Amino acid sequence: MLAIILAPFYLLINYYVVRWIIRWTGTCHRHLKSRPFRVVFLSIYIFMCLTPLTSYLVSANPWHSWLKRLFNYWLGTFLYIVLIILIFDLVRIILRHTNRIKQETLSKRSTFILSGGVAACIIICLSAYGIIHEHKVYVNHYEAQVEKSGGNLDHLRIALTADLHLGYSIGTYHVKSMVDKINAEHVDLVCIAGDFFDNEYDAVQYPEKTISILKEIKSTYGVYACWGNHDFKEKLLAGFTVPIKNGQHTDTRMDDFLKQSGIRILDDKAVLIDDSFYLAGRKDPQRSKKMKEDRLSPEDLLQNLDRDKPILVIDHQPKQLQELADAGCDIDLSGHTHDGQMFPGNLTTKLMWENSCGELKKDNMYSYVTSGVGVWGPAMRVGTDAEVMIIDVYFTK
């Protein structure tokens, strides 16, 4: 199991962080060198750094839910603690070997206190901002021109969203905010590109209330969706998969939840809407593998559709863009990437995905990837926004 393999590295990193903090606090004031302070500090720190394990082992609520939420906040803060301390140590090493600053200055107690204080302020500010910012849902507008006849339509307004990850960090507040943003835009079609859940239906806060909020979505042609790679039952330890007994990943409550919410899942299926345009939904490759299901290729999924009509596809992960374009897709609607969710993740996703977020033209096809509404793992957003994407499609033939 990958989590067990990485555990020693996690412990070593924590040792590095603890050693750094104890040195800094001890330098700041003699009372912070005392045994009582260090016992209290170490007790709190060890409790926090073990939340990935304790939140997995403790299954009884409300302790399980409380530990999971605490773990999500800890993970984001821990990432910035490590990143900032590493940057400060790297800068100190560079300055020491470039002779730009006198060695006596770098070795001063006041220099260490100041640099540690600045690092602490940055970590606190980034973490606080990330926690607050992840609650804000933005609306971003795009336009596409499809050189096909839209039958009865010359314009179609689409709301695209994804990655709610309903669970310990995301609840009714986020869902209500998303629904209000969509309804304010008076859209014709709502597409949700997967990851409604966070591998655990029992983590959904107030499912009945959430269903009632989702039923309030207003659109001309309804709400359609595809499944994402987290929309099945799976136990996770610190974000890594733990094998399930008998390999059973099905949880029919997820299907029932969406049906009651008025959301129609297109699972490797296509529908003709208003005799004007096609909307197809793809299976997710990871989910299909876990569920031991076959997944159609873009060509197989779209081969029997009338290519004179506009063809829209909902596909959780923005993969196979060229294959979709070649198969006749005009607009591909995706999520999954979260736009990296937390800086510097938003920089690395650009290296991993042809279209990591926003709009990309691939031959005659438009690819749209939303950063999504929810979060996965750390309950923070830094350098990225939670969003509802509004796409105005104009048919020009």
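First things first, this report covers the structure right here in the doc.

Reading the values: the criteria
- Residues numbered from 1 in each chain as written.
- Predicted model: local features only at pLDDT ≥ 70, side-chain atom pairs only at ≥ 80, totals over all residues.
- Heavy atoms only, no water.
- Salt bridge = Lys/Arg side-chain N within 4 Å of Asp/Glu carboxyl O.
- Helix = DSSP H or I, 4+ residues; strand = E, 2+ residues; numbered from the N terminus.
- Buried < 20%, exposed > 50% of the residue type's maximum accessible area, 1.4 Å probe, protein only.
- Expected span 1.5 Å × (residues − 1).
- Contact = heavy atoms within 4.5 Å.
- Pairing = 2+ DSSP bridges.
- Axes fitted to C-alpha atoms, helices over the stretch in contact; angles between N-to-C directions.
- Phe/Tyr/Trp six-rings, centres within 6.5 Å; stacked < 30°, edge-to-face > 60°.
- Lys NZ or Arg CZ within 6 Å of the ring centre and 35° of its normal.
- Parallel < 35°, antiparallel > 145°, perpendicular 65-115°, else oblique.
- Nonpolar A, V, L, I, M, F, W, Y, C, P; charged D, E, K, R; others polar.
- Lys, Arg positive; Asp, Glu negative; His and termini not counted.
- Polar contact = N/O pair within 3.5 Å; in protein donor to acceptor, adjacent residues only side chain to side chain.
- 1 Å grid on protein atoms, 1.4 Å probe; cavity = no way out; pocket = protein on both sides within 12 Å on 5 of 7 lines; lining within 4 Å.
- Points joined across faces, edges and corners; volume = space filled by probe spheres on them.

1. A few points about the pattern of salt bridges
Should the charged atoms of two oppositely charged side chains come close, the side chains can pair.
Item 1. In the structure shown here, the tally under the stated rule is 14 salt bridges.
Item 2. When the shortest N-O distance is used, the salt bridge between Arg 157 and Glu 185 registers 3.3 Å. Within this pair, whereas Arg 157 is found in strand 2 (residues 155-161), its partner Glu 185 is found in the loop between helix 7 (172-184) and strand 3 (189-193), the two being separated by 28 residues in sequence.
Item 3. Across the pair Arg 157 and Asp 392 runs a salt bridge, and its minimum N-O distance is 2.8 Å. Separated by 235 residues along the polypeptide, Arg 157 in strand 2 and Asp 392 in strand 14 (residues 386-395) bring together distant segments of the chain.
Item 4. A residue is classified by how much of its surface remains accessible, and Asp 392, at 6% relative accessible area, is buried.
Item 5. Here the salt bridges share partners, and the residues they tie into one network are Arg 157, Glu 185 and Asp 392.

2. A look at helix 6 (residues 109-133)
Item 1. The end-to-end C-alpha distance of helix 6, which contains 25 residues, comes to 36 Å, matching closely the 36 Å that a straight helix rising 1.5 Å per residue would cover.
Item 2. The complete set of buried residues in helix 6 reads Phe 112, Gly 116, Ala 119, Ile 123, Ser 127, Gly 130 and His 133.
Item 3. Looking at the buried residues of helix 6, the elements they touch are helix 1 (2-28), helix 4 (63-98) and strand 1 (137-146).

3. Brief notes about the sheet that holds strand 8 (residues 269-273)
Item 1. Taken together, six strands build an open sheet; the order of strands is 8-9-10-11-13-12 and the sheet is mixed. Each edge of the sheet is formed by a strand with only one pairing partner; in this case those strands are strand 8 and strand 12 (358-362). Averaged over all pairs of adjacent strands, the angle between their axes in this sheet comes to 20°, without regard to strand direction.
Item 2. Relative to strand 11 (residues 331-334), strand 10 (residues 311-314) runs parallel, the two sharing three bridges. Its bridge partner being in strand 11, Val 313 is matched across the sheet by Asp 332.

4. Regarding the packing of aromatic side chains
Item 1. Taken as a whole, this structure holds 16 aromatic pairs when the rule is applied.
Item 2. Above the ring of Tyr 138, the side-chain terminus of Lys 136 is found at 5.6 Å from the ring centroid.
Item 3. Here the basic side chain of Lys 361 rests over the ring of Tyr 366, its NZ or CZ set 4.7 Å away from the ring centre.

5. A short note on the sheet that holds strand 3
Note on sheets: strands pair through backbone hydrogen bonds, and any given pair is parallel or antiparallel.
Item 1. Taken in spatial order, the six strands of this open sheet run 1-14-2-3-4-7, and their pairing is mixed. The open sheet is flanked by strand 1 and strand 7 (263-265), the only strands paired with a single partner. Pairs of neighbouring strands in the sheet enclose a mean axial angle of 25°, with direction left out of account.
Item 2. Sheet analysis places strand 3 next to strand 4 (residues 223-226), joined by four bridges and oriented parallel. Counted as the bridge partner of Ala 193 is Cys 226 from strand 4.

6. A word on the packing of helix 7 against helix 8 (residues 207-214)
Item 1. Two numbers describe how helix 7 lies on helix 8: the axes approach to 9 Å, and their chain directions differ by 5°. One element, helix 7, and the other, helix 8, form an angle in the roughly parallel class. Each of Thr 172, Val 175, Lys 176, Met 178 and Val 179 in helix 7 lies in contact with helix 8, whose residues at this interface are Lys 209, Thr 210, Ile 213 and Leu 214.
Item 2. Class assignment of the residues belonging to the contact of helix 7 with helix 8 gives a composition of five nonpolar, two polar and two charged.

7. Comments concerning the side chain of Asp 195
Item 1. Here Asp 195 lies in the loop between strand 3 and helix 8.
Item 2. Within the buried set, Asp 195 has no salt-bridge partner at all; the shortest N-O distance to an opposite charge, 7.9 Å, is to Arg 287.
Item 3. For Asp 195, the contacting residues outside a window of four places in its chain are Asp 163, Leu 164, His 165, Trp 227, Gly 228, Asn 229, His 230, Asp 231 and His 316.

8. A look at unusual backbone geometry
Item 1. A cis amide bond links Asn 61 to the next residue, Pro 62, at an omega of 5°.
Item 2. Within the element layout of this structure, Pro 62 appears in the loop between helix 3 (51-57) and helix 4.
Item 3. Note that the residue after Phe 343, namely Pro 344, is joined by a cis bond; omega there is 5°.
Item 4. Following the sequence through the fold, Pro 344 ends up in the loop between strand 11 and helix 13 (345-352).
Item 5. Residues other than glycine seldom take positive phi values, yet His 165 does so here, at roughly 50°.
Item 6. Inspection of the secondary structure assignment puts His 165 in the loop between strand 2 and helix 7.
Item 7. What makes His 165 buried here is its relative accessible area of 2%.
Item 8. Phi is positive for Gln 341, which is not a glycine, with a value near 65°.
Item 9. By the element assignment, Gln 341 lies in the loop between strand 11 and helix 13.

9. Notes on the environment of Asp 89
Item 1. Note on placement: Asp 89 falls in helix 4.
Item 2. Excluding residues within four positions of it along the chain, Asp 89 makes contact with Tyr 16 and Trp 20.
Item 3. Within the structure, the side chain of Asp 89 is placed 3.1 Å from the side chain of Trp 20, a separation counted as a polar contact.

10. Some details on empty space enclosed by the protein
Item 1. Going through the model one piece at a time under the given rule, you end up with one cavity of 30 Å³ or more.
Item 2. The class makeup of the residues in the lining of the largest cavity is four nonpolar, four polar and one charged.

11. Looking at the pairing of strand 12
Item 1. Summarising the sheet, strand 12 and strand 13 (residues 365-369) pair through five bridges and their orientation is antiparallel. Looking across to strand 13, one finds that Gly 358 is bridged to Val 369.
Item 2. Where strand 12 hands over to strand 13, the hairpin turn is made up of two residues, of which Asp 363 adopts a positive phi near 55°.

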